[in-house]
Amino acid sequence: ILSNYVKTSLKESDMSLRTSKIQLKIPSGCDGAVLVKNLYLSIDPFILALMKNQELELPSFTLDSPIYGFGVSKVLDSSHPNFKTGELVWGFTGWEEYSLIKDPDQLFKVQDKDLPLSYYIGILELVVCDSAELCMPGMTAYVGFFKFCSPKKGETVYVSAASGAVGQLVGQFAKIAGCYVVGSAGSKEKWGFALMKVDLLKNKFRFDEAFNYKEEQDYNAALKRYFPDGIDIYFDNVGGKMLEAVLNNMRLNGRVVLCGMISQYNSLEQPEGIHNLINALVKRVRMEGFFTSDHYHLYPKFLEMVVPLIKEEKITYVEDIAEGIESAPGALFGLYSGRNVGKLLVVVARE
Ligand code: NDP
């Protein structure tokens, strides 16, 4: 439940857990509705914008009501002709154990049962609506990299937030395209140990090099170390100071694709960085922002490429799964401090 709109930075206490009794069938007067049991919920960066009551062309959350987002669910009861009891679906749902979806326009059936169910709110997710930034990690990586970066074999690519839902795929796509790829990530503190996400970048996702940006005093020097001849493509997930350092290190005619600015979403201060754009000018750099939601038509082409790659294990997709609906507030909080490793989601029930 959203207890209050976030004014400055997110706190777990901005959300609360509530238990109420419901009937597990569609109430009268709800023709066309679907009652679902939620299995997986996706924890995405855009949730904070709706908690801040910001305009996203998606309706903001309502105070004292459940937060909503993407999920994978099982139909328990349906008064809609397209859905039957027992079917598995994915799309918009509430952060609840059970949700009554009054307008199931945004529910889709799980088609390929050979793939993990959770992939439908991760690598395979597609949500069709007129909104601005929605999280479709697989499509975002595909559209952002292949359409906006125009990669060529042998080019140098840098990816920030590289171990996350989007970044891990960008790195793997860049390797498939024959590029030299470097990623940056932080570390995750768990059970008193620091799990180095950077190790995952090299060992699991086959990045050529990786570094922990939290251990670097000087981003400019770090980038020079990994890209002595400069960067052709920067896939930016974080914005801020890192973007400014990257612009110093771009090659002539390089491309910077602005995918997200997570370093700025939960910050109280004015973002640092980009005091000086002369490097973009001198190096004739093309900088372009994109919203995946403008490129839905590429989804069939994306599936054609990505599903065989998953099945042949030529790409991997790492997920970070928190257990139980009660873990959702903490999981969301951790997203803005890098506590997740891979695509963050909550398992509410396994069947
Ligand atoms: P991730 O799974 O990558 O999770 C966010 C990660 O960002 C954290 O794990 C953390 O990893 C990193 N991070 C958090 N805070 C900061 C900070 N202050 N400075 C630097 N890094 C930070 O999320 P997604 O893959 O879902 O999203 C990645 C980006 O893509 C986001 O900016 C999101 O808004 C954007 N996006 C854009 C879309 C579009 O259509 N343009 C669609 C979908 C997503 P670590 O610190 O370890 O690197």
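Residues numbered from 1 in each chain as written. Predicted model: local features only at pLDDT ≥ 70, side-chain atom pairs only at ≥ 80, totals over all residues. Heavy atoms only, no water.

Draft legend 1. Seen up close, the sheet that holds strand 13 (residues 286-289). Taken together, six strands build an open sheet; the order of strands is 10-7-6-11-12-13 and the sheet is parallel. The open sheet has two free edges, formed respectively by strand 10 (209-212) and strand 13, since each of these has just one partner strand. Taking the axes of each pair of neighbouring strands and ignoring which way they run, one obtains an average angle of 15° across the sheet. Most of the contacts of helix 6 (residues 240-248) go to strand 12 (residues 250-258), to which it runs at about 155°, and overall it touches strand 6 (156-159), strand 7 (180-185), strand 10, strand 11 (231-236), strand 12 and strand 13. (Pairing = 2+ DSSP bridges. Helix = DSSP H or I, 4+ residues; strand = E, 2+ residues; numbered from the N terminus. Axes fitted to C-alpha atoms, helices over the stretch in contact; angles between N-to-C directions. Contact = heavy atoms within 4.5 Å.)

Draft legend 2. Layout of unusual backbone geometry. Phi angles above zero are rare outside glycine, and Asn253 is one such case at about 65°. Among the secondary structure elements, Asn253 is positioned in strand 12. The exposure class of Asn253 is partly exposed, given its relative accessible area of 48%. Positive phi is not limited to glycine here, since Glu313 has a value of about 60°. Here Glu313 is to be found in the loop between helix 9 (299-311) and strand 14 (319-323). (Buried < 20%, exposed > 50% of the residue type's maximum accessible area, 1.4 Å probe, protein only.)

Draft legend 3. Inspection of the side chain of Lys343 at higher detail. Following the sequence through the fold, Lys343 ends up in strand 15 (residues 343-347). Of the polar contacts made by the side chain of Lys343, one reaches the side chain of Ser42; its length is 2.8 Å. Within the structure, the side chain of Lys343 is placed 2.7 Å from the side chain of Asp44, a separation counted as a polar contact. Look past the residues within four positions of Lys343 in its chain and what remains in contact with it is Ser42, Ile43, Asp44, Ile121, Gly122, Pro137, Ala165, Gln168, Tyr317, Val318, Glu319 and Asp320. (Polar contact = N/O pair within 3.5 Å; in protein donor to acceptor, adjacent residues only side chain to side chain.)

Draft legend 4. Expanded view of the pairing of strand 6. Residues Thr156 and Tyr158 line one face of strand 6 and the alternating positions Val157 and Val159 line the opposite face, and both faces are buried. Bridge count between strand 6 and strand 7: four bridges; the pairing is parallel. Within strand 7, the position partnered with Val159 by the bridge is Gly183. The handedness of the strand 6 to strand 7 crossover, carried by helix 3 (residues 167-176), is right-handed. Judged from the three bridges that link them, strand 6 and strand 11 form a sheet pairing that is parallel. In the sheet register, Val157 faces strand 11, and the bridge partner there is Ile233. (Right-handed = clockwise from strand over helix to strand, strands pointing away.)

Draft legend 5. Main features of the domain arrangement of the chain. When the domains of the chain are assigned, the result is domain 1 (12-122 + 318-347) and domain 2 (137-293). Averaged C-alpha coordinates put domain 1 and domain 2 at centres separated by 30 Å. Between domain 1 and domain 2 lies a buried interface of about 1200 Å² when both sides are counted; carbon and sulfur atoms form 59% of it. Interface area lost by domain 1 to domain 2 is led by Val318, Tyr336 and Val341, which between them contribute 37%. In this assembly, domain 1 and domain 2 are joined by zero salt bridges. At the surface where domain 1 touches domain 2, the tally comes to six residue pairs in polar contact (both at pLDDT 80 or more). Residues belonging to the side of domain 1 that touches domain 2 are distributed by class as follows: six nonpolar, five polar and four charged. (Domains from an automatic or database assignment. Buried area = accessible area lost by both parts, 1.4 Å probe. Salt bridge = Lys/Arg side-chain N within 4 Å of Asp/Glu carboxyl O. Nonpolar A, V, L, I, M, F, W, Y, C, P; charged D, E, K, R; others polar.)

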